[in-house]
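Read off the chains here:
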Amino acid sequence: MLLGHFSELTEHIDIKVKSSVLGLVPTMGALHEGHLSLIKKAHMECDKVIVSIFVNPTQFNNPDDLTKYPRTLDQDLDAINSVSKDVLVYVPTVEEIYPEGAEAEHFEFGTISKFMEGEYRQGHFDGVGTVLKRLFEVINPDRAYFGEKDFQQLAVVRKLIEITGQNVSIIGCETFRENNGLAKSSRNKLLTLEEKEQAGIIFENLKYIKSNFRDKPLLEILEKVKNNFEDSPLFNLEYCEVADEKDLIPAKKIESDKNYRAFIAAYCNNVRLIDNMSLN
Ligand code: PAF
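First, a word on scope: everything that follows refers to the structure included in this document. (Residues numbered from 1 in each chain as written. Predicted model: local features only at pLDDT ≥ 70, side-chain atom pairs only at ≥ 80, totals over all residues. Heavy atoms only, no water.)

All right, on to the pattern of salt bridges then. Under the criterion given, the structure shown has 19 salt bridges. Notably, a salt bridge pairs Asp-244 with Lys-258, separated by 3.8 Å at the nearest N-O pair. Pair noted here: Asp-244 is in strand β7 (residues 235-244) and Lys-258 is in the loop between β7 and β8 (260-268), with a separation of 14 residues, a long-range link. It is possible to trace a salt-bridge network through shared partners that takes in Glu-33, Glu-178, Lys-184 and Lys-196. (Salt bridge = Lys/Arg side-chain N within 4 Å of Asp/Glu carboxyl O. Helix = DSSP H or I, 4+ residues; strand = E, 2+ residues; numbered from the N terminus.)

Pasting the structure below:
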């Protein structure tokens, strides 16, 4: 069922009283199998599920990126219905989420928000924190579901809950991939078939890091990844880092007692793709 406004949402808010567990899957639409797997998981684990679809202006540091972001509401509704007709879909307006104007609040997330996405998309995590704080306030879910493709975002959301004291369990879910390893993402809709095929380069390089990072010097591995991308005419590497999973500070060398994760962001034409892989 589609809910466009707060009033419609509050009409259904008694679901919270009647049901013991309310699950939220926050999205920006252009849903893919990764999102659907989150919705299915939420549907299995919760008594009632709300999917929010809102392209959040405050998390885009690049206005062009916001304009180009794919919007496919009719297909999204069909896809959600294919999981279950019981799922509620909340599609608010910008005015409803930001009655005082679309401004991001600043949060002190610490080191987890400083590097990689935090460095290259200034203000992005403040925008994500602002919209989620608002959605959690309005919907008051017991559980909220996020994909590990945005691993840094997942860490930020866990921190957000600590900061705001909102009582929501944050559930991280495994990345869904195409056959060539490309992580499913709404932005993949902006790639040609050829670009999609070539985009397996990201997963290949993450796997290369995983196979080599305990045996070769880290800087040599990162240099090799940089060269691999330079040899590929379609892709421009923005960053490749191996970071401690706890503080998300990029490492210069590997210490045996720490757990690490590799992170890549790359452009294919103007489409920005990110991915990561646990190295444990
Ligand atoms: O991952 C996303 O789609 C967005 O960052 C989120 C969590 C829906 C907040 O706008």
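The strand order β1-β4-β3-β2-β5-β6 describes an open sheet built from 6 strands, whose pairing is parallel. Two strands lie at the open edges of the sheet, namely β1 (2-3) and β6 (169-173), each paired on one side alone. Looking at chain direction, β1 and strand β4 (residues 88-90) are connected through 2 bridges and run parallel. Paired with Leu-2 across the strands is Val-89, a residue of β4. Where helix α5 (residues 73-83) meets the sheet, its contacts fall on β1, β3 (48-53) and β4, and the angle it forms with β3 comes to roughly 165 degrees. Across the face of the sheet, helix α9 (residues 151-164) comes into contact with β5 (143-147) and β6 while running at roughly 170 degrees to β6. (Pairing = 2+ DSSP bridges. Contact = heavy atoms within 4.5 Å. Axes fitted to C-alpha atoms, helices over the stretch in contact; angles between N-to-C directions.)

All right, on to the packing of aromatic side chains then. Across all of its chains, the model carries 6 aromatic pairs by this definition. Arranged with centres 6.3 Å apart and planes meeting at 45 degrees, the rings of Phe-54 and Tyr-98 form a pair that is tilted. Separated by 44 residues along the polypeptide, Phe-54 in the loop between β3 and α4 (63-68) and Tyr-98 in the loop between α6 (94-97) and α7 (117-120) bring together distant segments of the chain. Comparing Phe-54 with Tyr-98, the two get one shared label, buried. Plain terms: the ring middles of Phe-60 and Tyr-69 are 5.6 Å apart, the flat faces sit at 75 degrees to each other, and that makes the pair edge-to-face. On the basis of relative accessibility, which here comes to 10%, the residue Tyr-69 falls in the buried class. (Phe/Tyr/Trp six-rings, centres within 6.5 Å; stacked < 30°, edge-to-face > 60°. Buried < 20%, exposed > 50% of the residue type's maximum accessible area, 1.4 Å probe, protein only.)

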